[in-house]
Amino acid sequence: MSDQFRFLLVRLLPKKAISRLAGHFAKSPVSRFLIPFYARFFQVDLEEAEKPIGEYQSLTEFFTRRLRAGARPVAAGEDILTAPVDGVVSQFGLIQEGTLLQAKGVTYSLEQLLGDARKAESYEGGMYLTIYLSPRDYHRIHTCLKGTVSGYSYIPGSLYPVNPLGVRNVPGLFARNERLTTYLTSPFGEYAIVKVGATIVGSVQVVYDKKLSTNVRNGQPAHETVNGPLLEKGDELGLFRFGSTVVCLFQPGMAKLDPLQEGQFVRMGERIGEVPVK
């Protein structure tokens, strides 16, 4: 089956309705019987899970599982950047002329991604890093640097798949899908973690506002400045209910990424770069 035909089928599906239904089912007690099949099919590393597989009461509880203590040591050093999630490096580089690379030959607008021209301008000349989380991965999101939550934006949108099929076939994919951006003020400047929704992603949730969630009926755009908590590097920021993508944005001069490679798997807490000496 060609990419074009598969993508046509995706376009025709009621993606938001399907995602909500899947989310409701995954939270139900009956879904717990699918956990062993899910774990085998996606080759989930059960040795890293916080609890034995039989103790999870729903597929959602298993999917959003915490890890056992010590499974993800966080690289030391105040000026060391660490990966916010487990996943595959999709793209990374310099933010130039307000654009980011989605795939080879495909770019998208930072202003459209953030929904805020002023914010987008403040990241011009900085670095970005895109990481894709597959269904087998650990799906909690953590901070890259110590910082205070200073704002967020929620932008309703589509829920196209963010797997390679979607990345290749949906222009401006990450700026079209639902997304929830968290801004953190670190000792070195502001950085942002954009959490992009996708097909079957029941919701994206964050620790600093229990009422804030994506994929809700009649969701309205929101751009808020907040006096949020101070989070240490590696602290939990939020979670995905099923797989998706994060885009990390760093203001100019505050991030020097290590020699990463497209397709490289990174683990939460691993070193991905550093704050350059000024």
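Source: prediction; values computed, not measured.

Thresholds, definitions, all that
- Residues numbered from 1 in each chain as written.
- Predicted model: local features only at pLDDT ≥ 70, side-chain atom pairs only at ≥ 80, totals over all residues.
- Heavy atoms only, no water.
- UniProt positions renumbered as here; feature names shortened; annotations may be inferred.
- Helix = DSSP H or I, 4+ residues; strand = E, 2+ residues; numbered from the N terminus.
- Pairing = 2+ DSSP bridges.
- Phe/Tyr/Trp six-rings, centres within 6.5 Å; stacked < 30°, edge-to-face > 60°.
- Buried < 20%, exposed > 50% of the residue type's maximum accessible area, 1.4 Å probe, protein only.
- Lys NZ or Arg CZ within 6 Å of the ring centre and 35° of its normal.

### Description of the UniProt feature "modified residue: Pyruvic acid (Ser)" (unreviewed entry) in the protein
- According to UniProt, the positions carrying the feature "modified residue: Pyruvic acid (Ser)" (unreviewed entry) are Ser-244.
- Mapping Ser-244 onto the fold places it in the loop between strand S14 (236-240) and strand S15 (245-250).

### Let's talk about the pairing of strand S2 (residues 87-94)
- Relative to strand S17 (residues 265-266), S2 runs antiparallel, the two being bridged by 2 bridges. Paired with Val-88 across the bridge in S17 is Phe-265.
- In terms of strand pairing, S2 meets strand S5 (residues 127-132) through 6 bridges, oriented antiparallel. Residue pairing for S5: Gly-93 is matched across the bridge by Tyr-128.

### A word on the packing of aromatic side chains
- Counting across every chain of the model gives 8 aromatic pairs.
- With a centroid separation of 4.7 Å and an interplanar angle of 55°, the aromatic rings of Tyr-38 and Phe-42 are classed as tilted.
- Phe-42 sits in the partly exposed class, given a relative accessible area of 26%.
- Seen in terms of ring centroids, Tyr-152 and Tyr-208 are 6.3 Å apart; in terms of plane orientation they differ by 40°. Their pairing is tilted. One end of the pair, Tyr-152, is in strand S7 (residues 147-155); the other, Tyr-208, is in the loop between strand S10 (204-206) and strand S11 (209-213), with 56 residues separating them in the sequence. For the pair Tyr-152 and Tyr-208, a shared accessibility class is recorded, and that class is buried.
- Three or more aromatic residues link up through ring pairs in this structure, and these residues are Tyr-38, Phe-41, Phe-42, Tyr-56, Phe-62 and Phe-63.
- The side chain of Arg-32 reaches across the aromatic face of Phe-33, ending 5.9 Å from its centre.
- The aromatic ring of Tyr-183 is capped on one face by Lys-119, whose charged end is 4.2 Å from the ring centroid.

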